[in-house]
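Structure assessment
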Amino acid sequence: MTDLSPCPGLAVHVEDAIAVIRLARPAKRNALNEAMVAGLSKVVSSLPVAVRAVVLHGEGDHFCAGLDLGEVDGEPDLAAAIHHSLGWHRAFQDIQFGRVPVIAVLHGAVVGGGFELAAATHIRIAEQSAFFALPEGQRGIFLGGGGSVRIPRLIGTPLVQDMMLTGRTLSADEAKAAGACQYRVADGAGLALAMDLACKAAGIADMTRFAVIHALPRIAEADPHIGYLTEALMASAAQTMPEAKARVRDFLAKRAAKVSRPD
Ligand code: 1HE
């Protein structure tokens, strides 16, 4: 196991094809300071080539309490505040549009910038204890980590407005029903599921993984005419790769697994 921890508050270990990133600041409920945000960017941007999936989780009772509020408690400086937000944008873009998929395990508080971080990942697993909130409304601030772009695309603008205006908190079940996460599991079961899903995602062909991370979300938001064209180009690029040929041949020769029914 290789230790790639970039800064205090982030523990990163790589084992074979999976990198596990742990938010490791439990005394402050994994609140994200600038060093941790920059560290997240650095880690996902410089993963060893053998890494093909990332699991992200939080130490202690909570996934992440969002922005370290101690960092906004200084003299007002508009330019610095804009650049602070842009720094979060860059880091979370690096996660969403990196080389490999990121699977988040969510428990306890998934709030503010913690929800924004989770929204930048590709697969979200909520344990029963997870609760989702956007306390920016109560703190007199606003989403600053790309959440106003990503979170409405997951759960819809009206629910985001409700959460921000009233302080409404979503349970794990409500978050799942709203689309904030794809999986809802019992407390303590998230990490094992994440590792299992990461192993599966790590086995995806390189070009398919690229298409799913980079092309799919852009196609989904594009004008349909551009989307169809981009899809055709992406599909032909993937399909003509030697790896695709080999995988299709394996299926036809009955060497590959069939599609399985849901459990
Ligand atoms: C913090 C933070 C933080 C905890 N920044 N220090 N986020 C929030 O508004 C969420 C604020 N936090 C909470 O509501 C609660 O802490 C929790 C529900 C997350 C957890 O409650 P609990 O009872 O387990 O912990 P606690 O006793 O409230 O906090 C333990 C310590 O962590 C305490 O410090 P201590 O020195 O007194 O021990 C807290 O002050 C500290 N702590 N959360 C700094 N967030 C890019 S824009 C993003 C904008 C946002 O994210 S706004 C939302 C900010």
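Everything in this summary refers to the structure shown in the same document. (Residues numbered from 1 in each chain as written. Predicted model: local features only at pLDDT ≥ 70, side-chain atom pairs only at ≥ 80, totals over all residues. Heavy atoms only, no water.)

1. Some thoughts on the site of the ligand
As a matter of local geometry, the ligand sits amid 22 residues, with K28, A65, L67, G113 and R139 nearest to it. A27 has a polar backbone atom sitting 3.3 Å from an oxygen atom of the ligand. Take R139: an N or O atom from its side chain is 2.6 Å from an oxygen atom of the ligand. Here the ligand loses 65% of its free accessible area of 1,000 Å² to cover by the protein chains. Within the residue set of the shell around the ligand, elements represented by two or more residues are β6 (109–111), α3 (113–119) and α4 (136–139). (Near = heavy atom within 4 Å. Polar contact = N/O pair within 3.5 Å; in protein donor to acceptor, adjacent residues only side chain to side chain. Areas by Shrake-Rupley, 256 points an atom, 1.4 Å probe, with all protein chains shown as cover. Helix = DSSP H or I, 4+ residues; strand = E, 2+ residues; numbered from the N terminus.)

2. Regarding the side chain of R150
Here R150 lies in helix α5 (residues 147–155). Reaching out from R150, the side chain makes a polar contact with the side chain of Q96 at a distance of 2.5 Å. Apart from residues no more than four positions distant in its own chain, R150 is found in contact with F92, Q93, Q96, A119, A120 and G145. (Contact = heavy atoms within 4.5 Å.)

3. Quick notes on the sheet that holds strand β3 (residues 18–23)
Strand order across the open sheet formed by seven strands is β1-β2-β3-β4-β5-β7-β10, with mixed pairing between neighbours. Across the chains shown, the open sheet's two edge strands, defined by having one partner strand only, are β1 (2–3) and β10 (183–185). Across two bridges, β1 lies against strand β2 (residues 10–15) in antiparallel orientation. Among the inter-strand pairings, T2 is bridged to a residue of β2, identified as V14. In the packing of helix α1 (residues 34–45) onto the sheet, the strands contacted are β2, β3 and β4 (53–58), and the crossing angle to β2 comes to about 15°. (Pairing = 2+ DSSP bridges. Axes fitted to C-alpha atoms, helices over the stretch in contact; angles between N-to-C directions.)

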